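A look at the structure
Chain by chain, the residues:
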Amino acid sequence: MAVEVKVSIETVFEVSANLDTSFALFSDVPRSIGHFPDVENLIDHGDNKYEWVMKSKGPKGLEHAVRYACLYTSSEADHTVSWSPMDGVGNAIFSGTWKLEALHSGTRVHFETQATMVIPAPRIMRSAVAPYVEKALREEIAQYHDNLQATLNA
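Within each chain, residues carry numbers counting from 1 in the order of the written sequence. Only residues with pLDDT of 70 or above have their local features reported here, since the model is predicted, and side-chain atom pairs are shown and tallied only from 80 upward, although totals for entire chains, interfaces and linings are computed over all residues. Only hydrogens and water are set aside; all other atoms, that is, all heavy atoms of the structure, feed into the side-chain values.

1. So, the pairing of strand S4 (residues 67-75)
Here is the rule we go by: Note on pairing: DSSP must find at least two bridges between two strands before they are called paired. Helix and strand assignments follow DSSP, with helices taken as H or I runs no shorter than four residues and strands as E runs no shorter than two, numbered in order from the N terminus.
One ladder, built from five bridges, connects strand S3 (residues 49-54) with S4; its direction is antiparallel. When the sheet's bridge partners are listed, Trp 52 is paired in S4 with Tyr 68. Sheet topology places S4 next to strand S5 (residues 80-90); seven bridges connect them, and they run antiparallel. Residue pairing across strands places Tyr 72 opposite Trp 83, the latter belonging to S5. The hairpin turn running from S4 into S5, its antiparallel successor, is four residues long, and His 79 in that turn takes a positive phi close to 55°.

2. What about the sheet that holds S4?
Inclusion rule: Each axis is a line fitted through C-alpha atoms, and for a helix only the stretch in contact is used; angles between axes span 0 to 180 degrees, taken between their N-to-C directions.
Overall, antiparallel pairing links the seven strands, which are arranged S1-S7-S6-S5-S4-S3-S2 in an open sheet. Either end of the sheet is taken by a strand with one partner, and the two such strands are strand S1 (2-15) and strand S2 (39-46). Strand-to-strand twist of the sheet, defined as the mean angle between neighbouring strand axes without regard to direction, takes the value 20°. Pairing of S1 with strand S7 (residues 106-120), which is carried by 14 bridges, proceeds in the antiparallel orientation. Directly across from Lys 6, in S7, lies its bridge partner Thr 116.

Printed below as a string of structure tokens:
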């Protein structure tokens, strides 16, 4: 049996790097993803399509690895980087956007993502799966943002 977990996350943070420097990092998908914790492998499918393979996580005996792929589109004119799911790859679907805004003293970064993950779980564990998965994803994304901020504030 499996549990479908849906999570939406929106955050805003500011960095001291200027808009061009910030956009260069976010639009370089492998470099940006290099800041994300627990990525086991990033597979380049060409044409700005990347498959994420995450490290297995979860309680002993119930470990699970999230895997999904997205098409990334960046617009220098709008200072946005968006991702949309590729059908038929993995066990999760992610979409979202980075939107960058120039500030006098750096860049404001708007982040939003929507995720749907299918997690196998025995019946007795199903009620605990969604809160555990959502908390883990929120913590990983917070660490990702902290890592990106450290780079862009250096």
